2 protein chains.
Amino acid sequence: MGQVPLVVLTRPQMGENIGAAARAMLNFGLEHMRLVAPRDGWPNPAATAMASGASVVLDHAGVFPDVGAAVADCDYVYATTARSRGLVKPVLTPETAMAEARAMIAAGKRVAVLFGPERAGLENDDVAHANAIITVPVNPGFYSLNLAQCVLLTAYEWMRQGTDVPGMRLDLAGTDLASAIELEKLGDHFEEKLEAANFFHPPEKAPFMKMNLRNMLGRWGMTRSEAQTLHGILRQLVRGRS
Amino acid sequence: MGQVPLVVLTRPQMGENIGAAARAMLNFGLEHMRLVAPRDGWPNPAATAMASGASVVLDHAGVFPDVGAAVADCDYVYATTARSRGLVKPVLTPETAMAEARAMIAAGKRVAVLFGPERAGLENDDVAHANAIITVPVNPGFYSLNLAQCVLLTAYEWMRQGTDVPGMRLDLAGTDLASAIELEKLGDHFEEKLEAANFFHPPEKAPFMKMNLRNMLGRWGMTRSEAQTLHGILRQLVRGRS
């Protein structure tokens, strides 16, 4: 239970939003929800209906009477809030907070993130239970993040920083990149057909034009099947011309 | 118009989702929306109602008959999709894609990001118009991101990488950190009251205990008002004892 941050929904109002928060969590691997005094009691059929495939999160959610009880066994608590609270606290971006949380959890600590009720957000009495504040840096002229979106962005940062998904990979769609020898043969084929078509003109520029051609074919990073396609195009163009 | 990525919603179905996408965009500073063949025509009152404060995004949205027309003036196009497409394409995380997009836009290029219809997502004919694919790295066992959430995460990455918001700051709530001399006086006050209470015992350990006390008071990073509170506590405790 201590291996990912706990998500603590404080006095949530609509069951649908509890379910949407569960979905947002599970998208990014957060499974442990705690509920503080949910307005419509618990369990909540509207929450379960909205959670759909994420209802496992709700099935294991703990229910607590107040924030103090919900975080009593936690070592470090973040409160998410959009505005300054008149409390002296560190204010972190989700990025920095989740980096800290990863380090604390790796050291065996239990970390929780508090989210407030849909409209009003957390009260100062709730925030006082937290060690630090998370504020999402939004457009100062427009803020409209709802509960599930706040949970989503926090969970996204948690997974983003722990994922080993490469920032970029090439989807080869079942084929493979053309080998050097395949590119060489393709270059030969181009030269042959272009020589025959008097493409390399004037003759003194031919070596430069051929070098550029080889360079271009190599630089494109083409696949084996794309090389075959170009072979076919070369053959077919010449056939059509003759 | 070329200074942030364009968001292209392809054949969106529900007006509410167009409005929600506009809100997601504006939270993170993306203002330029293009619509490809919206199912219910355009303008769409349901979109405007949902967009609320973000309706300015809808007011300036361009409407195009197909993806090719919508991206004709763009230099680089990303397609967001969750699954492999059988097309040879680079596949990027939102993080890497928005880092690339920032570099391209800084170089004067126009960048667009395609999003598909709510349920089916983009078709291969749409993806073929893109230079690269964005796939959000989610929990492989659970994927439930909706259109507005995909837009939100992409826009969030755009702003996250361009923001100068510090990862952590201290909300001082109108007060200031205690100065060195204030901490010195507070330490003196502690020592005075604790000497009187025979706290520093046994005598040979007193220097070490005092050093730890000074270190602790300095390390806490307390504010001026917290230091005043501690002065008051010291006075009051002694008063109660006598």
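Every value quoted in this text rests on a predicted model; they were computed, and no experiment measured them.

Draft legend 1. The arrangement of the overall build of chain A in detail. Scanning chain A for helices and strands turns up 10 helices and 8 strands. Here the C-alpha radius of gyration of chain A, 29 Å, is well above what a compact globule of 242 residues would show, namely 18 Å. Sorting the 242 residues of chain A into buried and exposed places 46% on the buried side. In chain A, the share of contacts with a sequence separation of at least 24, taken over all contacts with a separation of at least 6, comes to 83%. Counting only carbon and sulfur atoms, one obtains 54% of the accessible surface of chain A, whose full area is about 11700 Å². Each charge sign in chain A was given a centre, from 23 positive and 25 negative side chains, and these centres are 5 Å apart.

Draft legend 2. Spotlight on the pattern of salt bridges. All names here are of chain A. For the coordinates displayed, the defined rule picks out 30 salt bridges over all chains. Between Arg 214 and Asp 188 there is a salt bridge, with its nearest N and O atoms 2.7 Å apart. Highlighted residues: Arg 214 in helix α9 (residues 206-219) and Asp 188 in helix α8 (residues 180-196), separated in sequence by 26 residues. For Arg 214, a relative accessible area of 25% translates into the label partly exposed. Judged by relative accessible area, which is 37%, Asp 188 ranks as partly exposed.

Draft legend 3. Expanded view of the relation of the copies chain A and chain B. With an RMSD of 0.1 Å, chain A superimposes on chain B once it is rotated by 180° and translated 0.1 Å along the axis. The two molecules are tied by a two-fold rotation axis, judged by turn and shift. Mapped onto chain B, 100% of the interface residues of chain A are again interface residues, and the two copies thus contact each other with one and the same surface.

Draft legend 4. Geometry of the domain arrangement of chain A. Assigned domains of chain A: these are domain 1 (6-161) and domain 2 (180-241). Computed from C-alpha atoms alone, the centre-to-centre distance between domain 1 of chain A and domain 2 of chain A is 59 Å.

Draft legend 5. Main features of the pairing of strand β6 (residues 111-115) of chain B. Residue and element names in this part refer to chain B. Burial within β6 is extensive, with 5 of its 5 residues counted as buried. With burial as the criterion, each face of β6 is covered, one bearing Val 111, Val 113 and Phe 115 and the other bearing Ala 112 and Leu 114. Pairing of strand β1 (residues 6-10) with β6, which is carried by 4 bridges, proceeds in the parallel orientation. Across the sheet, Val 8 pairs through a bridge with Leu 114, a residue of β6. Summarising the sheet, strand β4 (residues 76-80) and β6 pair through 4 bridges and their orientation is parallel.

Draft legend 6. Region of the structure containing the sheet that holds strand β2 (residues 33-36) of chain A. Across the sheet, which stays open at both edges, the 8 strands sit in the order β3(A)-β2(A)-β1(A)-β6(A)-β4(A)-β7(A)-β5(A)-β8(B) with mixed pairing between neighbours. Both outer strands of the open sheet, β3 (62-64) of chain A together with β8 (168-171) of chain B, are each paired with one neighbouring strand and no more. Across the sheet, the axes of successive neighbouring strands diverge by a mean angle of 30°, strand direction being ignored. Along the sheet, helix α7 (residues 147-162) of chain A makes contact with β1 (6-10) and β6 (111-115) of chain A, crossing β6 of chain A at roughly 155°.

Draft legend 7. Fine view of the pairing of strand β4 (residues 76-80) of chain A. Residues and elements named next belong to chain A. With respect to burial, β4 is a largely interior element, 5 of its 5 residues being buried. Judged by which residues are buried, β4 turns out to be covered on both faces: Tyr 76, Tyr 78 and Thr 80 on one side and Val 77 and Ala 79 on the other are all buried. When β4 meets strand β7 (residues 132-134), the two strands line up parallel, connected through 3 bridges. Each residue of the ladder has a partner; that of Ala 79, found in β7, is Ile 133.

Draft legend 8. Structural detail: the interface of chain A and chain B. On the chain B side, the residues contacting the 49 residues of chain A number 49 residues. Each partner contributes to the roughly 4000 Å² buried at the junction of chain A and chain B, and carbon and sulfur atoms together form 62% of this total. On the surface where chain A and chain B come into contact, there are 4 salt bridges. The residue Arg 160 of chain B makes a salt bridge to Glu 157 of chain A at a minimum N-O spacing of 3.5 Å. At the junction of chain A with chain B, the criterion picks out 20 residue pairs in polar contact (both at pLDDT 80 or more). Those elements that place two or more of their residues in the side of chain A that touches chain B are α1 (15-27), β5 (89-92), α5 (94-106), α7 and β8 (168-171) of chain A. Looking at the side of chain A that touches chain B, the element that brings in the most residues is α7 of chain A, giving 7 residues. Where β8 of chain A and strand β5 (residues 89-92) of chain B come together, 4 bridges link them in antiparallel fashion. The residue of β5 of chain B that forms the bridge with Arg 169 of chain A is Val 91 of chain B.

Conventions and cut-offs
- Residues numbered from 1 in each chain as written.
- Chains lettered and ligands numbered in written order.
- Predicted model: local features only at pLDDT ≥ 70, side-chain atom pairs only at ≥ 80, totals over all residues.
- Heavy atoms only, no water.
- Helix = DSSP H or I, 4+ residues; strand = E, 2+ residues; numbered from the N terminus.
- Rg over C-alpha atoms; globule rule 2.2 N^0.38 Å.
- Buried < 20%, exposed > 50% of the residue type's maximum accessible area, 1.4 Å probe, protein only.
- Contact = heavy atoms within 4.5 Å.
- Areas by Shrake-Rupley, 256 points an atom, 1.4 Å probe, with all protein chains shown as cover.
- Lys, Arg positive; Asp, Glu negative; His and termini not counted.
- Charge placed at Lys NZ, Arg CZ, Asp CG, Glu CD.
- Salt bridge = Lys/Arg side-chain N within 4 Å of Asp/Glu carboxyl O.
- Least-squares fit on C-alpha atoms with pLDDT ≥ 70 in both.
- Domains from an automatic or database assignment.
- Pairing = 2+ DSSP bridges.
- Axes fitted to C-alpha atoms, helices over the stretch in contact; angles between N-to-C directions.
- Buried area = accessible area lost by both parts, 1.4 Å probe.
- Polar contact = N/O pair within 3.5 Å; in protein donor to acceptor, adjacent residues only side chain to side chain.

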